[in-house]
Amino acid sequence: MTGITMQADAETRANSAEGARPLWPALVAGFRCRCPNCGEGKLFRSYLRSVDDCSVCGQEIHHHRADDLPPYLTIFIVGHIVVALFMGVEASYELSMWTHLAMWVPVTLVMSLALLQPLKGATIGLQWSLRLGGFGTEDDADRVG
């Protein structure tokens, strides 16, 4: 498919309860902080505030329900990585507690801030693909709201 055809398909599919919504492209687009429908429009207007609708294809985004999943995934991923690195460094070197604090607190903060927005975008892409949280039919929007 050419880029023009894909954009035309995205504009036709925008805000429609019908049509295919492939999961992996939506997750990847969301993780890249792009619209899950067309993959081009920006998904966020500020760090964690999503746009109301896509500026490229018109897909409404405002009704998503990302809620607690992105922070949970961030804590899960960062926690596993930092604890594993901490244990590896602790087994290899003898460092003071202050040195560990000076190392791991900034690493934890930077990793958390770096992952939170992409994980929220991926969550929005997941909801869009599975027609959850207002991205499906009118009945779905009524149940959520």
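Check the entry above for the structure.
Presented here is an overview of the structure given in this document. Model, not experiment: these values are computed from the prediction.

Some words on the packing of helix α2 (residues 23-31) against helix α4 (residues 97-130)
And step 1. The N-to-C vectors of α2 and α4 enclose an angle of 150°; their axes lie 6 Å apart at closest approach. It follows that α2 is roughly antiparallel to α4 by the angle criterion. Between α2 and α4 lies a crossing whose hand is right-handed. Within the contact between the two elements, α2 uses Leu23, Ala26, Leu27, Gly30 and Phe31 and α4 uses Leu115, Pro118, Leu119, Gly121, Ala122, Gly125, Leu126, Trp128 and Ser129.
And step 2. Classifying every residue of the contact of α2 with α4 gives 10 nonpolar, four polar and no charged.

Section: α4
Given 3.6 residues to a turn, an α-helix orients residues that are three or four positions apart in the same direction.
And step 1. Taking 1.5 Å of rise per residue, the 34 residues of α4 would be expected to cover 50 Å, and the 46 Å separating its terminal C-alpha atoms lies within 8% of that figure.
And step 2. The axis of α4 is deflected most strongly, by about 30°, at Leu116, and proline Pro118 appears within four residues downstream.
And step 3. Positioned one or two residues after α4, Arg131 has a phi angle of 60°, which is positive.

Here we look at the nonpolar core
And step 1. Listed in full, the nine residues of the largest apolar core are Ala26, Cys33, Leu43, Phe44, Val51, Ile61, Ile124, Trp128 and Phe135.
And step 2. Among all residues touching Cys33, those that are not within four sequence positions of it are Gly41, Lys42, Leu43, Phe44, Gln117 and Pro118.
And step 3. One finds Val78, Val82, Val89 and Leu115 within the second-largest nonpolar core, a separate group that totals six residues.

What to know about helix α3 (residues 69-92)
And step 1. Between the first and last C-alpha of α3 there are 35 Å, a value that for 24 residues agrees with the 34 Å anticipated at 1.5 Å per step.
And step 2. Inspection of α3 places Pro70, Thr74, Val78, Val82 and Val89 among the buried residues, and these make up the whole buried set.
And step 3. On its buried face, α3 sits against α4.

Focus: the packing of aromatic side chains
And step 1. Taken as a whole and judged by the stated rule, the model has one aromatic pair.
And step 2. For the ring pair Tyr72 and Phe76, a centre distance of 6.4 Å and an interplane angle of 20° mean the geometry is stacked. Of this pair, Tyr72 and Phe76 both sit in helix α3, four residues apart, which is roughly one turn of that helix.
And step 3. Tyr72 sits in the exposed class, given a relative accessible area of 53%.
And step 4. Owing to a relative accessible area of 44%, Phe76 belongs among the partly exposed residues under this scheme.

Let's talk about the environment of Ala122
And step 1. Relative to the helices and strands, Ala122 is located in helix α4.
And step 2. For Ala122, a relative accessible area of 14% puts it in the buried group.
And step 3. Apart from residues no more than four positions distant in its own chain, Ala122 is found in contact with Leu27, Gly30 and Phe31.

A word on unusual backbone geometry
And step 1. One non-glycine residue, Cys33, adopts positive backbone phi at about 65°.
And step 2. Along the chain, Cys33 turns up in the loop between α2 and α3.
And step 3. With a phi angle near 60°, Arg131 is a residue other than glycine that sits in the positive phi range.
And step 4. Here Arg131 is to be found in the loop between α4 and α5 (138-144).
And step 5. What makes Arg131 partly exposed here is its relative accessible area of 25%.

Calculation rules
- Residues numbered from 1 in each chain as written.
- Predicted model: local features only at pLDDT ≥ 70, side-chain atom pairs only at ≥ 80, totals over all residues.
- Heavy atoms only, no water.
- Axes fitted to C-alpha atoms, helices over the stretch in contact; angles between N-to-C directions.
- Helix = DSSP H or I, 4+ residues; strand = E, 2+ residues; numbered from the N terminus.
- Parallel < 35°, antiparallel > 145°, perpendicular 65-115°, else oblique.
- Left-handed = near helix turned anticlockwise from the far one by under 90°.
- Contact = heavy atoms within 4.5 Å.
- Nonpolar A, V, L, I, M, F, W, Y, C, P; charged D, E, K, R; others polar.
- Expected span 1.5 Å × (residues − 1).
- Bend = angle between axes of the 7 residues up to and from the residue.
- Core = buried A, V, L, I, M, F, W, Y, C linked by side-chain atoms within 4.5 Å.
- Buried < 20%, exposed > 50% of the residue type's maximum accessible area, 1.4 Å probe, protein only.
- Phe/Tyr/Trp six-rings, centres within 6.5 Å; stacked < 30°, edge-to-face > 60°.

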